[in-house]
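Observations on the three-dimensional arrangement
Spelled out from the first residue to the last, the chains are:
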Amino acid sequence: MMFYARLIAIAALLAGLWAGVGYIHHKGVTEGKAEVQQKWDADKLARSQAETAATLSRVKNNERIAEQQSLDNEKIKKGHDDEIAAIRVANANPVRLRISDSICRGFASATKAQSAGSGDAALAGTLALPEALERNLQDLIQEADTVVASCRAAQSFIRNNGMDK
């Protein structure tokens, strides 16, 4: 009987050890899961905070860029407006356009008769262009000067901001 008693004692000891190992394993797994979950949650929170900070940084940067672009646009517009104002002042009282009467002989006799009493007769050897033609030419000059003014304003902005290198 002693043999059976020893066998039962050994079986009880092994069952106790097995239960202890199972308990330790279960406790380790449970605590390990909790620890891993805690690390996961902390990492998730850190990532979320980093993404929020990065988003706020981008928003602030975009706002700063938008303000700078607004200032740049105002500078360009002011430069353009100044150029256009100078052109309008220069073209406010345009000089009558004249052509040499040697260039257009058939036109010369008709024009001389119309402008004999005006100040145009003072410029000998030249003829004033017809008003409609002169108006069209002045409009083309104004349009060309406006385009050139736009280009000068853009060129000035480019040079002032170091983009010409």
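Residues numbered from 1 in each chain as written. Predicted model: local features only at pLDDT ≥ 70, side-chain atom pairs only at ≥ 80, totals over all residues. Heavy atoms only, no water.

This brings us to the overall build of the protein chain. Along the backbone of the protein chain there are 3 helices and 2 strands. In the protein chain, the succession of α and β elements from N to C terminus is α-β-α-β-α. Expressed as a percentage of the 165 residues in the protein chain, the buried residues total 10%. Long-range pairs, those at least 24 residues apart, make up 75% of the contacts in the protein chain between residues at least 6 apart in sequence. (Helix = DSSP H or I, 4+ residues; strand = E, 2+ residues; numbered from the N terminus. Buried < 20%, exposed > 50% of the residue type's maximum accessible area, 1.4 Å probe, protein only. Contact = heavy atoms within 4.5 Å.)

Once that is clear, we can look at the confidence of the model for the protein chain. Averaged over every residue, the pLDDT of the protein chain is 82; residues scoring 70 or more account for 87%. Throughout residues 113-117 the model reports pLDDT below 50, and contacts reaching past four residues in sequence, or to other chains, amount to 3 contacts. (pLDDT = per-residue confidence, 0-100.)

In this description, a pair of aromatic rings is defined by centroid distance and the angle of the planes. Under the criterion given, the structure shown has 1 aromatic pair. Ring geometry for Phe3 versus Tyr4: centroids 5.8 Å apart, planes at 65 degrees, classification edge-to-face. On the basis of relative accessibility, which here comes to 57%, the residue Phe3 falls in the exposed class. For Tyr4, a relative accessible area of 55% translates into the label exposed. (Phe/Tyr/Trp six-rings, centres within 6.5 Å; stacked < 30°, edge-to-face > 60°.)

The next point concerns a nonpolar patch on the surface. Together, Phe3, Tyr4, Leu7 and Ile8 make up a nonpolar patch on the protein surface, roughly 490 Å² of accessible area in all. Turning to its location among the elements, Leu7 is positioned in helix α1 (residues 2-90). Leu7 sits in the partly exposed class, given a relative accessible area of 44%. (Patch = residues over 30% accessible without salt bridge, like charges linked within 9 Å, V, L, I, M, F, W, Y side chains within 5 Å. Areas by Shrake-Rupley, 256 points an atom, 1.4 Å probe, with all protein chains shown as cover. Salt bridge = Lys/Arg side-chain N within 4 Å of Asp/Glu carboxyl O.)

With that settled, consider the environment of Ser100. Counting through the fold element by element, Ser100 comes out in strand β1 (residues 98-100). Each C-alpha atom of the pair Ser100 and Leu127 lies 6.1 Å from the other, and the pair is 27 residues apart in sequence.

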